[in-house]
Amino acid sequence: QAMRLMIEGKNVGFEEARDLGLVDEIIEAEDFQEAALDFARKYLPPHKASRSVGLIKRACVSGAEMSFEQGLALERELQQRLFVSDDAREGITAFNEKRSPRFTGK
């Protein structure tokens, strides 16, 4: 869809962009700052292991620019970094103890 819009030189409004899957969410201007902060907080400790969020983003963005084999190698390297983290231990412990994890970003 994005390529078609670029080729046609067509501009679309917010709602149409959302309907096409180009925009995830529309936020009113007066609510934007608080909504952006709420969104960001969902990906930070203690709710999420922030290091894993960052490395997932790196694997996706960098991996898309590499060959398949290089992308897999990058993914293995990044996974190894995560497996030795404090947050990985906390996640496994919390799972085994049937409780919600409390991540620290370490």
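Since the structure is predicted, the reported quantities are computational estimates derived from the model, not experimental observations.

Caption draft 1: The arrangement of the overall build of the protein in detail. Along the backbone of the protein there are six helices and zero strands. Here the protein has a C-alpha radius of gyration of 19 Å; the compact-globule value for 106 residues is 13 Å, and the former is much larger. Overall, the protein is about 50 × 40 × 20 Å in size when its C-alpha atoms are taken along their principal axes. Taking all 106 residues of the protein together, 15% fall into the buried category. Of the contacts made within the protein by residues no fewer than 6 positions apart, 30% connect residues no fewer than 24 positions apart. As presented, the protein carries roughly 8,600 Å² of accessible surface, and 56% of it is formed by carbon and sulfur atoms. Of the side chains in the protein, 16 bear a positive and 19 a negative charge, and the two mean positions are spaced by 9 Å.

Caption draft 2: Broad picture of a nonpolar patch on the surface. Where nonpolar side chains cluster on the molecular surface, the patch consists of Met 3, Met 6 and Ile 7 and spans about 400 Å² of accessible area. Residue Met 6 is classed as exposed on the basis of its relative accessible area, which comes to 63%.

Caption draft 3: Structural context of the layout of surface pockets. In this model, the largest pocket occupies a volume close to 190 Å³. Taken together, Asp 24, Glu 25, Ile 27, Phe 32, Ala 35, Ala 36, Asp 38, Phe 39 and Lys 42 form the lining of the largest pocket. Of the residues that constitute the lining of the largest pocket, the class distribution is five nonpolar, no polar and four charged. Of the pockets and cavities examined, the second largest pocket occupies roughly 160 Å³. Ala 49, Arg 51, Ser 52, Gln 79, Leu 82, Phe 83, Ser 85, Asp 87, Ala 88, Gly 91 and Phe 103 together form the lining of the second largest pocket.

Caption draft 4: Fine view of the pattern of salt bridges. Going through the model one piece at a time under the given rule, you end up with nine salt bridges. Salt bridges sharing common partners tie together Glu 34, Asp 38 and Arg 41.

Caption draft 5: Region of the structure containing the side chain of Ser 85. Within the element layout of this structure, Ser 85 appears in the loop between α5 (68–83) and α6 (86–96). At 2.7 Å, the side chain of Ser 85 forms a polar contact with the backbone oxygen of Leu 82. Setting aside chain neighbours within four positions, we find Ser 85 in contact with Arg 51 and Lys 106.

Caption draft 6: Structural detail: the packing of helix α4 (residues 50–63) against α5. Taken N-terminus to C-terminus, the directions of α4 and α5 make an angle of 170°; their axes are 10 Å apart at the nearest point. Taken as axis vectors, α4 and α5 run roughly antiparallel relative to one another. Taken together, the residues of α5 that come into contact with α4 (itself represented by Arg 51, Ser 52, Leu 55, Arg 58, Ala 59, Ser 62 and Gly 63) are Gly 71, Leu 74, Leu 78, Arg 81 and Leu 82. In terms of residue class, the contact of α4 with α5 is built from five nonpolar, four polar and three charged.

Thresholds applied
- Residues numbered from 1 in each chain as written.
- Predicted model: local features only at pLDDT ≥ 70, side-chain atom pairs only at ≥ 80, totals over all residues.
- Heavy atoms only, no water.
- Helix = DSSP H or I, 4+ residues; strand = E, 2+ residues; numbered from the N terminus.
- Rg over C-alpha atoms; globule rule 2.2 N^0.38 Å.
- Buried < 20%, exposed > 50% of the residue type's maximum accessible area, 1.4 Å probe, protein only.
- Contact = heavy atoms within 4.5 Å.
- Areas by Shrake-Rupley, 256 points an atom, 1.4 Å probe, with all protein chains shown as cover.
- Lys, Arg positive; Asp, Glu negative; His and termini not counted.
- Charge placed at Lys NZ, Arg CZ, Asp CG, Glu CD.
- Patch = residues over 30% accessible without salt bridge, like charges linked within 9 Å, V, L, I, M, F, W, Y side chains within 5 Å.
- Salt bridge = Lys/Arg side-chain N within 4 Å of Asp/Glu carboxyl O.
- 1 Å grid on protein atoms, 1.4 Å probe; cavity = no way out; pocket = protein on both sides within 12 Å on 5 of 7 lines; lining within 4 Å.
- Points joined across faces, edges and corners; volume = space filled by probe spheres on them.
- Nonpolar A, V, L, I, M, F, W, Y, C, P; charged D, E, K, R; others polar.
- Polar contact = N/O pair within 3.5 Å; in protein donor to acceptor, adjacent residues only side chain to side chain.
- Axes fitted to C-alpha atoms, helices over the stretch in contact; angles between N-to-C directions.
- Parallel < 35°, antiparallel > 145°, perpendicular 65-115°, else oblique.

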